[in-house]
Amino acid sequence: MDIDPLSAQTRLSLLAAALASLPVQAVAAEQHSFDVPKGSLSTVLPTISRQGGISISVADAQLWKARVKPVRGRMSVEEAIARMLAGSDARAVRMSATSWRIERRPVTRVTRRTPPQRPPQPRAREPAPHIAAGPQDEIIVTATKTDLPYSEFAGVATMLDGGELAFGGERGMESILSRTATMSSTHLGSGRNKLFIRGIADSSFTGPTQATVGQYLGDIRLSYNAPDPDLRLYDIDGVEILEGPQGTLYGAGALGGIVRVVPRAPDPRDMQLQAIGGVSLTQHGQPGGDIAAIANLPVGNNGHAMRLVGYMISDGGYIDNPLLGQNDVNRVHVRGGRGTFRLDAGNDWTVDIGGVYQSIQADDAQYSDKNAPPLIRNSLIEQVARSRYAMATFVVTKDWNDLRLQSSNAYISHRLFERFDAGRPGDPARSLDQANDTRMFVSETRLSRPYYDGLGWVAGVSVIDNRTRQQREIGNSVMRTALTGVTNRITEITGFAEATVEVVPNLVASGGIRLAHARLGGDGQNIPLFVSLSQRAVTAERNETDVIPSASLLATPFENVRVYARYQEGFRPGGLAVEREFVRRFRNDRVNTWEAGIRIGEKGRTPIDANLALSYTRWRDIQADFVDGDGFPSTANIGDGRITSISGAVAVRATPELAIEIGGVYNHSRVSELFTSELRSIAFAAGANEADLELPALLARLGKIPNVAEYAFRGSATYAVPLGKEDFRLNGWASYVGPSRLGIGPILGESQGNYVDTGLAMRIGNERRGLSLTLTNIFDARGNRFALGTPFVEGSAGYLTPLRPRTLRIAVDVAY
């Protein structure tokens, strides 16, 4: 029989190819456990390579900065790589049984999810990753608890990069406030301020009312009815700000919205060390300094790691007090740290055990007298303030393919001591001391399906147990008298669920609901026995139940154009307040918000991205803190209000090196229906005359919601370019805060705001080292950020809180 040699060779080749493909197919089908975080390809690639037992090369150097998705669960290598690169401009090509190559995906057609890119510009050297986001970045709104892509999010989310916030020096909450027009704050001092978003503001004081803005470190709530702890933002991935209300996902106290700080997680791959140090010079004041250290330490070879942060800051004072013969009295000292130990428990279980501690001490207040020369205050009292914030956290996560279970638990201790000058002109020195002691336990457990393929959902339960005790005393250095105090207790148990579905192409719908049950109670401190007995009904425990729905629609009628509409609710439970020697209740309040908006373009993907939003809010039974006739803060429900807000922003990538951002907000707020019986007693206690007690006078004095500027604007420009082996970056910003009113009641009718703040920052260096120069308040403006110094204003000409004078900071940073 004749044998065709070519045919035999062909058969042998086919057999060899089949045998060679067996190991590749076996490796591809083999299941591995993956726990790969999201991030840039350069940081994620070593993790997925190690966990999959493969080698991966990257053909296009610009892809190293591409943002990739997290991969968690047990699956094949092929599936893991596909999930990691989903939605990016990269694809993986298998080269052999254990090697892959990542290359740029050929552009064959344009779809809504992969918009066309601008062609890369030729450059001598790409800047370091912290300088500019690459066009491959996909923005994920993790605050939605379903890792929802921003392109599918019905609303406007402000996403601030951690590197951006650290650029120019760490300033805590000030770094966030200077970068957004829709967010504002009081300015009593670091660790004592209240935050507001979208015009929903109640008062200037931190009383028994719950905050209107929810603050979170990761998924842990930072406070309930305490002020902003002003944690310093070292070593964070970023900050997400969602405008409110956000009651469905975040419960009570998210009327205005939420601020979520995302810390960097421990990394088991390699050791990292970083040090930052700076000195600052303040015109008309004292010098200051700051130092910080960050360490990431792998522990063993089983995926365990620890991350540590420590810092010390001293901000020089600039207020003079001639009455005591002292200059630059308001120096502030900040010391703190954060640590997290990540335990890889196996079988896709991860345990994070962590802690946070920060202390703030202000040697004196930062306000000045309105009728005195600039930066001068005459006071017989050193108005010191101390804040101590401590938190212990325990977070457990588990992944099952497309599902994630997470339980976040924490215990928080927050103590705040404040001293106010309570003297009247010509009288001996007298001070009011106020101490707030808060203890809180928070726990949230949720099961979620991160959004992909047109579906994402979350369901969970949460528990909050909060107790706040406020104690006060007044007097001089020789004799002091205890005043009536109050303790508020609340236990809140809630269940919530929300789902996001792509109903049809280019139309995404979301809906959710939250059922909250709260048990409230409390009692008075240092009150006469007969008053205590008569107020048993007031201080008795009671229950409140609230249902909080939400709904939204997002449509994409044209490429890179998205329009949305949403409805949200929020609430705050009631509590107990002190008025002179009596304790009385205040009721819960509630907001309903309708919002519509449009977004054009995508940040990092298109040369221009812009957004415009219009919202209308009805606020019922507004809780507000006020000052009575004796100068003491108290709380009451003052009426119903309405707030109309228009906000917008535009970001332009003018050139590959230059980016420009402009944003603004307009707020129109009124107390539309006053509770005249309660407000007449407030006005009368504050010393109003009979004419002031008529309804038109009350409306004139009390009819505008306080502490919210009617309009505000900000703009910034960033220029980044490589200079040889180094990278140079320059950022300048300016913000204008319009006029507002201090607070509720005849005493607090002072105007404030109407000032411009400016700044300039630059850095030259690379990922390993850098030199920074920052100049704030370039024009050395004074302004009036806050018109309250002490609530005891009788006989005074008023107060103002100036901007920190022109300050120059020089800093170096090194990393290993």
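Predicted model, so just to flag it, every value in this text is computed and none were measured.

Rules used throughout
Residues numbered from 1 in each chain as written. Predicted model: local features only at pLDDT ≥ 70, side-chain atom pairs only at ≥ 80, totals over all residues. Heavy atoms only, no water. Helix = DSSP H or I, 4+ residues; strand = E, 2+ residues; numbered from the N terminus. Buried < 20%, exposed > 50% of the residue type's maximum accessible area, 1.4 Å probe, protein only. Contact = heavy atoms within 4.5 Å. Areas by Shrake-Rupley, 256 points an atom, 1.4 Å probe, with all protein chains shown as cover. Pairing = 2+ DSSP bridges. Salt bridge = Lys/Arg side-chain N within 4 Å of Asp/Glu carboxyl O. Axes fitted to C-alpha atoms, helices over the stretch in contact; angles between N-to-C directions. Core = buried A, V, L, I, M, F, W, Y, C linked by side-chain atoms within 4.5 Å. Phe/Tyr/Trp six-rings, centres within 6.5 Å; stacked < 30°, edge-to-face > 60°. Lys NZ or Arg CZ within 6 Å of the ring centre and 35° of its normal. Arc of directions from axis to C-beta. Expected span 1.5 Å × (residues − 1). Parallel < 35°, antiparallel > 145°, perpendicular 65-115°, else oblique. Left-handed = near helix turned anticlockwise from the far one by under 90°. Nonpolar A, V, L, I, M, F, W, Y, C, P; charged D, E, K, R; others polar. Polar contact = N/O pair within 3.5 Å; in protein donor to acceptor, adjacent residues only side chain to side chain.

S.K.: Describe the overall build of the chain, with residues and values.
M.R.: Secondary structure summary: the chain contains 10 helices and 44 strands in total. In the chain, buried positions account for 55% of the 816 residues. Sequence separation of 24 or more characterises 67% of the internal contacts of the chain that already satisfy a separation of 6 or more. When the accessible surface of the chain is totalled, it reaches about 33,300 Å², and 59% of it is carbon and sulfur.

S.K.: Lay out the pairing of strand S28 (residues 507-525) with the relevant residues and their values.
M.R.: Examined bridge by bridge, strand S27 (residues 480-504) and S28 share 19 bridges and lie antiparallel to one another. Bridge pairing in S28 links Glu492 to Ala518. Counted between consecutive antiparallel strands, the loop separating S27 from S28 contains two residues, among which Asn506 sits at a positive phi close to 75 degrees.

S.K.: Report on the pattern of salt bridges, specifying residues and quantitative values.
M.R.: Counted according to the given criterion, the structure contains 41 salt bridges. Note that Arg769 is salt-bridged to Glu726, the shortest N-O span being 3.0 Å. With Arg769 in strand S42 (residues 769-776) and Glu726 in strand S40 (residues 726-741), this residue pair connects regions lying 43 residues apart in the sequence. Between Arg763 and Asp813 there is a salt bridge, with its nearest N and O atoms 2.9 Å apart. Placement of Arg763 in strand S41 (residues 751-765) and of Asp813 in strand S44 (residues 807-815) is noted, with a sequence separation of 50 residues between them. Owing to a relative accessible area of 9%, Arg763 belongs among the buried residues under this scheme.

S.K.: Now, about the sheet that holds strand S6 (residues 90-94): what can you tell me, with residues and values included?
M.R.: Ordered in space as S3-S7-S6, the three strands form an open sheet in which the pairing is mixed. Each edge of the sheet is formed by a strand with only one pairing partner; in this case those strands are strand S3 (55-58) and S6. On average, each strand axis in the sheet is tilted by 25 degrees relative to the strand beside it, whichever way the strands run. Here S6 runs beside strand S7 (residues 99-104); their pairing, made up of five bridges, is antiparallel. Following the sheet pairing, Ala90 is matched in S7 by Arg104. With respect to the sheet, helix H2 (residues 41-52) is in contact with S3 and S7, its orientation differing from that of S3 by roughly 160 degrees.

S.K.: Could you give an account of the nonpolar core, naming the residues involved and the relevant values?
M.R.: Ranked by size, the top nonpolar core spans 36 residues in total, and within it Ile176, Met183, Val239, Ile241, Val259 and Met391 carry the most contacts. Excluding its chain neighbours within four sequence positions, the residues that come into contact with Ile176 are Leu160, Leu165, Met183, Leu233, Val239, Ile241 and Val259.

S.K.: Provide a residue-level description of the sheet that holds strand S15 (residues 236-243), including the pertinent values.
M.R.: Pairing in this open sheet of five strands is mixed, and the strands run S10-S15-S16-S13-S14 from one edge to the other. Bordering the open sheet on either side are strand S10 (157-161) and strand S14 (220-221), each of which pairs with just one other strand. Two elements, strand S13 (residues 213-217) and strand S16 (residues 257-263), share five bridges in a ladder whose sense is parallel. Pairing of Gly214 across the sheet is with Ile258, part of S16.

S.K.: Go over the packing of aromatic side chains, please, and point to the residues and values.
M.R.: Using the criterion set out here, one finds nine aromatic pairs in the structure. Relative to Tyr616, the ring of Trp594 lies with its centre 6.2 Å away and its plane at 35 degrees, an arrangement referred to as tilted. One end of the pair, Trp594, is in strand S33 (residues 589-600); the other, Tyr616, is in strand S34 (residues 608-620), with 22 residues separating them in the sequence. The partly exposed category is assigned to Trp594, whose relative accessible area is 41%. Judged by relative accessible area, Tyr616 falls into the partly exposed class, the value being 29%. Where Tyr711 meets Tyr736, the ring centres are 6.1 Å apart and the plane angle is 20 degrees; that geometry is what we call stacked. Of the two residues, Tyr711 is situated in strand S39 (residues 711-723) and Tyr736 in strand S40; the sequence distance between them amounts to 25 residues. Positioned above the aromatic ring of Tyr150, the side-chain terminus of Arg599 is 4.1 Å from the ring centre.

S.K.: Please provide a residue-by-residue account of the pairing of S15, values included.
M.R.: Along S15, seven of the eight residues are buried, which leaves the element largely enclosed by surrounding structure. Pairing between S10 and S15: five bridges, direction antiparallel. The partner of Ala157 across the bridge, within S15, is Leu242. Bridge analysis of S15 against S16 gives seven bridges, and the strand direction is antiparallel. Counterpart to Glu243 in the pairing with S16 is Gly257.

S.K.: I'd like a rundown of unusual backbone geometry, residues and numbers included.
M.R.: A negative phi angle is the norm for most residues apart from glycine, just as the trans form is the norm for most peptide bonds. Here Gly244 and Pro245 are connected by a cis peptide whose omega angle stands at 0 degrees. Summarising the element assignment, Pro245 is placed in the loop between S15 and helix H6 (247-250). Unusually for a residue other than glycine, Asp147 sits at a positive phi of about 50 degrees. Positive phi, close to 50 degrees, is recorded for Asp328, a residue that is not glycine. Following the sequence through the fold, Asp328 ends up in the loop between strand S19 (304-315) and strand S20 (332-346).

S.K.: Explain helix H3 (residues 77-85) to me, and be specific about the residues and the numbers.
M.R.: The periodicity of an α-helix, 3.6 residues per turn, causes residues three or four positions apart to be oriented the same way. What H3 keeps buried is the set Val77, Ala80, Ile81, Met84 and Leu85. What you see down the axis of H3 is that its buried residues fit within an arc of 120 degrees, all on one side. Note on H3: the residue one or two positions beyond its end, Gly87, has a positive phi of about 85 degrees.

S.K.: Go over H2, please, and point to the residues and values.
M.R.: Compared with an ideal rise of 1.5 Å per residue, which puts 12 residues at 16 Å, H2 spans 16 Å between its outermost C-alpha atoms and is within 8% of the ideal. Looking at H2, one finds that the buried residues are Leu41, Val44, Leu45, Thr47, Ile48, Ser49 and Gly52.

S.K.: Explain the packing of H2 against H3 residue by residue, including any values.
M.R.: Closest axis-to-axis distance for the H2/H3 pair is 11 Å, and the angle between their directions is 165 degrees. The pairing of H2 with H3 is recorded here as roughly antiparallel in orientation. Like other packed secondary-structure pairs, H2 and H3 cross with a definite hand, here right-handed. Along the contact surface, H2 presents Leu41, Val44, Leu45, Ile48 and Gly52, while H3 presents Val77, Ala80, Ile81, Met84 and Leu85. When its residues are assigned to classes, the contact of H2 with H3 shows nine nonpolar, one polar and no charged.

S.K.: Would you mind going over the environment of Asp228 in detail, with residue names and values included?
M.R.: Looking at where Asp228 falls in the secondary structure, it is placed in the loop between S14 and S15. Overall, Asp228 belongs to the buried group, its relative accessible area being 5%. Once residues lying within four places of it in the same chain are set aside, the contact partners of Asp228 are Met173, Gly191, Arg192, Asn193, Leu195 and Gln215. At 2.8 Å, the side chain of Asp228 forms a polar contact with the side chain of Gln215.

S.K.: Any chance you could break down the side chain of Asn321 for me, citing the residues and the numbers?
M.R.: Looking at the secondary structure, you find Asn321 in the loop between S19 and S20. A distance of 2.9 Å separates a polar side-chain atom of Asn321 from the backbone oxygen of Ser379.

S.K.: I'd like a rundown of the environment of Ser772, residues and numbers included.
M.R.: Checked against the element boundaries, Ser772 lands in strand S42. Sequence-wise, Ser772 and Ala761 are 11 residues apart; in three dimensions their C-alpha atoms are separated by 7.3 Å. Those residues in contact with Ser772 that lie beyond four places of it in its chain are Met762, Arg763, Arg809, Ile810, Ala811 and Asp813.

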